[in-house]
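# Coordinate analysis (summary)
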Amino acid sequence: MTAPPAGPPDEGYDPRADRNWRRVEEDAPGVSRHEPVGLRRRLALNRMGTFDWDLDQGCMDLDPGAMDVFDLLPGEFDGAPMSLIVRVPPEEGLRLDEALSQALQDGHASYGAYFRIRCRDGSRRWTHCQGRILHDPDGVPYRVIGIVREATGELADSALLRSLQQESQRQTVMVQQTTAALARALSMADVTRVLTGARSTRRFGAEGLILGLVENDRFRIIAATGLRGGPPPELNTARLDDTLPLSDAARSQQPVFLSTRGELIARYPRLRPYTDAIPPGSSAFLPLIAQDTVIGGLGLFNAEPAVQSSEARNLALALAGVVAQSVQRATLFDQEREFATGLQATMLPRRLPPLAGGAVTVRYHPASVGRDIGGDWYDVIALPRGLTGLVVGDVQGHDTHAAAVMGQLRIALRAYASEGHTPETVLVRASRFLAELDTERFATCTYVQADLESGALHVARAGHLGPLISTAARHIDWPEVRGGLPLGLATAFGHDHFPETQLFLEPGSTLLLCTDGLVEQPGEDISAGIDALSAAVRTGPSDLEALADRLSDHLWAEPGSEDDMALLLLHRLPAPGAAATPRLRLHVHQADPSGASEVRSAVRRTLDQWRAGGIMHDVEVVASELIANALTHTESGALVSVELLPGAPRRIRLEVEDRSSQWPRRRSPGETATSGRGLMLVEALADRWGAEPRGAGKALWCEFVVP
């Protein structure tokens, strides 16, 4: 509504003129239009009052306006400043005391402060105090006269309220960050890492933190940060009583908030010998309660003394609730994981059989993160005729069901192998066994039948990573081993065929079998892990146990793999007094059409490692010719050996052995002949060549001088 002007414009300033204003029902009807209003009445109408504080006598006088500002009735104030505590919370009283103390310290004649009071109905409102400090002729303050006024409306859009809003937002962010960080913590180790890691105490608005758990009526500290020298060892475990703040909070299930270190020591005298280790400021000790059960306590320390506001206390209690839930979840996780890993450990072999002419070692680690365990396993089996079976496999999945399937499959595969079956037969039967189980899981596996006396290795693979061979000269090779589908799937799809590959482990060489947890990292190509494993074996220690530890520590544990890992190392001991020379030995089956190409590929890789240079092509061509002759003109397969001979000049010796006693014959083919030129090629490309008897057969050999 627009009010009419109060008078002519030239009669003076009228704030109502030319302005929109609203009719309001007056809440001070006792004031007439022209009645004179005294000073106190004028102050009261503006929600303002005065006070007179005699510092020498320690008494304060409040006029009715001030009593109204403080929402006090006449009988509720006895003149003692401390009686205002019924309306002024401790943290707000500290704000007033700091303003007056600073003015006295600086020698100022006045001071002012905004603070909040707690009204009779429980609500809070902002108040402003402005005081004039009077001094005697000697400059000693003896009296404070001032005013108090309601300031809620004034501060509605002020910077102070904005700062309070920012503080509220900061507290909200603190809770969110702490909740997010602890949400990713699964084990107690993860929880303590979050609470004690870099910038961890900032999430709690503190400089120091201590965490303890209740265990069988005793209190045990498990993590601390920000305390000089850490918690005293003699206090790490204590009875659940009221002599220490954290155990007191846990016992009583009530938080303890203290303003200074002195207050802390006074309440808990047992801490007096450790005063220097305790920050001098405020502290809070909060019970950790989850599902109505006290599971521990959380202590927060600050460098500056302070009376915690209700907002700060509520924030601390909220953070303690988040920590309690995380600690309870982590405790259950650790218990479940301990049970699961213990179950899995009972399914793996407890001891390895002794090996004549060799040494074997194994390593197994459950996943470094996550609740569930995997189905990785290993086994070393004593076989008939002095042979040894080596198994590494992985059942699909990461849970107790995978571990249970692993246990059954390991026992079945061990039984089939112990009967003396060939590697292919062992995997075929294991695949059918898995397919008949009431499970949808499949498994990958590599099985090796090793003869350490001769060094022969018969390898069969079911969807698993192939073996690595490290020679005595630290040459690394991943031989091509043909394989079939994973166990279970191979039978389901009707392709339960697992072709064998024959390899040879020379004296001083080491065979490595592992699961993909050793070479596979999230977000990385598996080839990078394979290259890293090759480099680690090449540069690793010669001792078998030390090598296994290094592979476990640097390739698996250090990056924090999310997968299980099984590792098996087999070392063939060198013959006494014999000098180990770099050598490659492979077997080609007569009925295997692709065997020759696989041998050529392995020879090419080996010659490249030996830096054979320009003769690589000649050796490969001669090897192809000799293998083809053995497969074509005999009724057996071929045993191919490539050796780097010592001495100068360096020579590479190639041998192809078969079981035929028929001696090779050099032919003189005509121009149109399609065969008969094999030995001519050998003679043209090799520096030396010949044939010699070998038991029931013979061996064709040739030597090449390395440039």
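From a predicted model like this one, the values you see are computed outputs, not experimental measurements.

### Details of a nonpolar patch on the surface
Judged by side-chain polarity, Met82, Ile85 and Val86 come together as a nonpolar surface patch covering roughly 300 Å² of accessible area. In this structure Val86 comes out as partly exposed when scored by relative accessible area, which is 43%.

### Structural notes on the packing of helix α9 (residues 400-418) against helix α10 (residues 423-436)
In a pair of packed helices, the angle between the axes and the distance between the axes together describe the arrangement. Orientation of α9 relative to α10, taken along the N-to-C sense of each, is 145 degrees, at an axis distance of 9 Å. In the packing of α9 onto α10, the handedness of the crossing is right-handed. Contacts between α9 and α10 involve Val405, Gln408, Leu409, Ala412, Leu413, Tyr416 and Ala417 from the first element and Val426, Leu427, Arg429, Ala430, Phe433 and Leu434 from the second.

### What about the pattern of salt bridges?
The tally for this structure, following the rule as stated, stands at 31 salt bridges. Its salt-bridge partner being Arg193, residue Asp190 comes within 2.7 Å of it at the nearest N-O pair. With Asp190 and Arg193 both in helix α5 (residues 188-196) and 3 residues apart, this pair spans about one turn of that helix. Look at Arg193 and you get exposed, because its relative accessible area is 53%. With its nearest N and O atoms 3.1 Å apart, the salt bridge here joins Glu703 to Arg688. Of the two residues, Glu703 sits in strand β27 (residues 697-705) while Arg688 sits in strand β26 (residues 688-694), which places them 15 residues apart along the sequence. Classification of Arg688 by relative accessible area gives partly exposed; the value is 46%. Via salt bridges that share partners, Arg651, Arg653, Glu655, Glu657, Arg688, Glu692, Arg694 and Glu703 belong to a single interconnected network.

### Concerning the packing of helix α15 (residues 616-633) against helix α16 (residues 678-685)
At their nearest, the axes of α15 and α16 sit 9 Å apart, and the two run at 155 degrees to each other. Our classification of the angle between α15 and α16 gives roughly antiparallel. Seen from above, α15 lies across α16 with left-handed handedness. Contacts between α15 and α16 involve Asp618, Val621, Val622, Glu625 and Leu626 from the former and Gly678, Leu681, Val682 and Leu685 from the latter. Considering only residue class, the contact of α15 with α16 consists of 6 nonpolar, 1 polar and 2 charged.

### Section: the sheet that holds strand β5 (residues 141-150)
Strand order in this open sheet of 5 strands is β2-β1-β5-β4-β3, and the pairing throughout is antiparallel. Either end of the sheet is taken by a strand with one partner, and the two such strands are β2 (59-62) and β3 (110-118). Strand-to-strand twist in this sheet, taken as the mean axis angle between neighbours without regard to direction, amounts to 25 degrees. Judged from the 4 bridges that link them, strand β1 (residues 48-54) and β2 form a sheet pairing that is antiparallel. Looking across to β2, one finds that Asp52 is bridged to Asp61. Against the sheet, helix α3 (residues 90-106) contacts β1, β3, β4 (124-135) and β5, and its axis sits at roughly 175 degrees relative to β3.

### Overview of the packing of aromatic side chains
By the definition in use, this model includes 2 aromatic pairs. Considering the side-chain rings of Phe285 and Phe301, the 5.5 Å spacing of their centres and the 80 degrees angle between planes classify their relative orientation as edge-to-face. Of the two residues, Phe285 is situated in strand β10 (residues 283-290) and Phe301 in strand β11 (residues 293-301); the sequence distance between them amounts to 16 residues. Under the relative-accessibility criterion, Phe301 is labelled buried at 6%. Against the face of Phe504 rests Arg585, its NZ or CZ located 4.3 Å from the ring centre.

### Considerations on the pairing of strand β24 (residues 638-645)
Across the 8 residues of β24, 8 count as buried, placing the element largely inside the fold. On β24, burial covers both faces: Ala638, Val640, Val642 and Leu644 on one face and Leu639, Ser641, Glu643 and Leu645 on the other are all buried. One ladder, built from 6 bridges, connects strand β23 (residues 583-588) with β24; its direction is antiparallel. What sits directly across from Leu584, in β24, is Val642.

### Quick notes on the sheet that holds strand β6 (residues 208-215)
Strand order in the open sheet formed by 6 strands is β8-β7-β6-β11-β10-β9, and the pairing between neighbours is antiparallel. Two strands in the sheet have a free side with no partner beyond their single neighbour: β8 (237-239) and β9 (256-258). The average angle at which neighbouring strand axes cross in this sheet is 25 degrees, direction not considered. As judged from the 6 bridges shared by β6 and β11, these two strands associate in the antiparallel manner. Residue Gly208 lies in a different strand from β11, and its bridge partner there is Phe301. Contacting β6 and β7 (218-225), α5 runs over the sheet at an angle of about 50 degrees to β7. Running over the sheet, helix α6 (residues 245-252) touches β6, β7, β8, β10 and β11 and is turned about 40 degrees from β10.

### Comments concerning the pairing of β2
Burial along β2 is one-sided: Met60 and Leu62 are buried, and none of Cys59 and Asp61, which face the opposite way, are. Taking the residues between adjacent antiparallel strands as the criterion, β1 and β2 are bridged by 4 residues, where Gly58 takes a positive phi near 70 degrees.

### Some points on α15
Owing to its 3.6 residues per turn, the α-helix brings residues three or four apart onto one side. Between its first and last C-alpha atoms α15 spans 26 Å; for 18 residues at 1.5 Å apiece the expected length is 26 Å, and the two agree. Among the residues of α15, those classed as buried are Val619, Glu620, Val622, Ala623, Ser624, Leu626, Ile627, Ala630 and Leu631. If you follow the buried residues of α15, they end up packed against β23, α14 (595-609), β24, β25 (651-658), α16 and β27.

Rules used throughout
Residues numbered from 1 in each chain as written. Predicted model: local features only at pLDDT ≥ 70, side-chain atom pairs only at ≥ 80, totals over all residues. Heavy atoms only, no water. Patch = residues over 30% accessible without salt bridge, like charges linked within 9 Å, V, L, I, M, F, W, Y side chains within 5 Å. Areas by Shrake-Rupley, 256 points an atom, 1.4 Å probe, with all protein chains shown as cover. Salt bridge = Lys/Arg side-chain N within 4 Å of Asp/Glu carboxyl O. Buried < 20%, exposed > 50% of the residue type's maximum accessible area, 1.4 Å probe, protein only. Axes fitted to C-alpha atoms, helices over the stretch in contact; angles between N-to-C directions. Helix = DSSP H or I, 4+ residues; strand = E, 2+ residues; numbered from the N terminus. Left-handed = near helix turned anticlockwise from the far one by under 90°. Contact = heavy atoms within 4.5 Å. Parallel < 35°, antiparallel > 145°, perpendicular 65-115°, else oblique. Nonpolar A, V, L, I, M, F, W, Y, C, P; charged D, E, K, R; others polar. Pairing = 2+ DSSP bridges. Phe/Tyr/Trp six-rings, centres within 6.5 Å; stacked < 30°, edge-to-face > 60°. Lys NZ or Arg CZ within 6 Å of the ring centre and 35° of its normal. Expected span 1.5 Å × (residues − 1).

Any link to function would need more than the numbers given here.
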